Amino acid sequence: MEQPGLLRGYTKKIDLCIITFKQMLFKIPENINIITLNIIDKVKDNQSRLLADINDIVLSHVFENRYTLHPRKLRKIAEEELESLTAFLVKQEEDIPSELGKARAISGIKDAALLDIFEYIYNFLLDNTEKSSVKTILDLFYRYEKIYIINYNNAAEKKLLSDQEQLRQALSSAFNRDRKSTRLNSSHTDISRMPSSA
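Bear in mind the structure is a predicted one, so any value in this text is a computation, not a measurement.

J.: Can you lay out the pattern of salt bridges for me, pointing to particular residues and giving the numbers?
T.: Within this structure, the stated rule accounts for four salt bridges. Residue Arg-104 is joined to Glu-81 by a salt bridge in which the shortest nitrogen-to-oxygen separation is 2.9 Å. Here Arg-104 is found in helix 5 (residues 95-107), whereas its partner Glu-81 is found in helix 4 (residues 71-91), with 23 residues between them in sequence. Here Arg-104 matches Glu-81 in class, with each residue buried. Two residues, Asp-139 and Lys-135, come together in a salt bridge whose shortest N-O distance is 2.7 Å. Separated by four residues within a single helix, Asp-139 and Lys-135 lie in helix 7 (residues 134-193), roughly one turn from each other. A single salt-bridge network, built from bridges that share partners, covers Glu-80, Glu-81 and Arg-104.

What follows is the structure, encoded as structure tokens:
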């Protein structure tokens, strides 16, 4: 049902008051809109469930990770993912997903875990955003996810090349030691085979 003109005007004023209050309270930039604020509220209202579900996703992939992660660090992943997403929704700065993507690659978390986390968050946003606002929120999330994954892949590639170089150096060093040791052993054998001049 269409709202009467007067009521529609009051609704807009109330929305503006809510935005202004939240901007003051959470130090949110002035250019943020009510759509984004609403989804941030939904994330905060469902924080416990989101943290538990993301934590379950992380734990389901624990044996696929490149390195062994300390249980305390595993528990922090869910918190960091939500903090990063919320900060991006507020500030919309590319450094936020970029830095977290790099950190995840360096810590050795496999991309399968991250993709499952993204799918879960996507579905949460889809279920908790008003139909008229879905495109705005999902476009924002797609931008976040894209920046995150690009930086994850770049950092993972650098890390892999670095690990391969360390392995190459270690193998080269071990091979050189082994060759030196073999040479020394064969010269000892030659000396012991020489006939005595008695």
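On we go.
J.: I'd like a rundown of the packing of helix 2 (residues 34-45) against helix 4, residues and numbers included.
T.: Running from N to C, helix 2 and helix 4 point in directions that differ by 165°, and their axes come no closer than 10 Å. Judged by the angle between their axes, helix 2 and helix 4 are roughly antiparallel. Judged by the sense of rotation from one axis to the other, the crossing of helix 2 with helix 4 is left-handed. Here helix 2 contributes Thr-36, Ile-39, Ile-40, Val-43 and Lys-44 to the contact with helix 4, which in turn contributes Leu-82, Thr-86, Leu-89 and Val-90. Residues belonging to the contact of helix 2 with helix 4 are distributed by class as follows: six nonpolar, two polar and one charged.

About the criteria used
- Residues numbered from 1 in each chain as written.
- Predicted model: local features only at pLDDT ≥ 70, side-chain atom pairs only at ≥ 80, totals over all residues.
- Heavy atoms only, no water.
- Salt bridge = Lys/Arg side-chain N within 4 Å of Asp/Glu carboxyl O.
- Helix = DSSP H or I, 4+ residues; strand = E, 2+ residues; numbered from the N terminus.
- Buried < 20%, exposed > 50% of the residue type's maximum accessible area, 1.4 Å probe, protein only.
- Axes fitted to C-alpha atoms, helices over the stretch in contact; angles between N-to-C directions.
- Parallel < 35°, antiparallel > 145°, perpendicular 65-115°, else oblique.
- Left-handed = near helix turned anticlockwise from the far one by under 90°.
- Contact = heavy atoms within 4.5 Å.
- Nonpolar A, V, L, I, M, F, W, Y, C, P; charged D, E, K, R; others polar.

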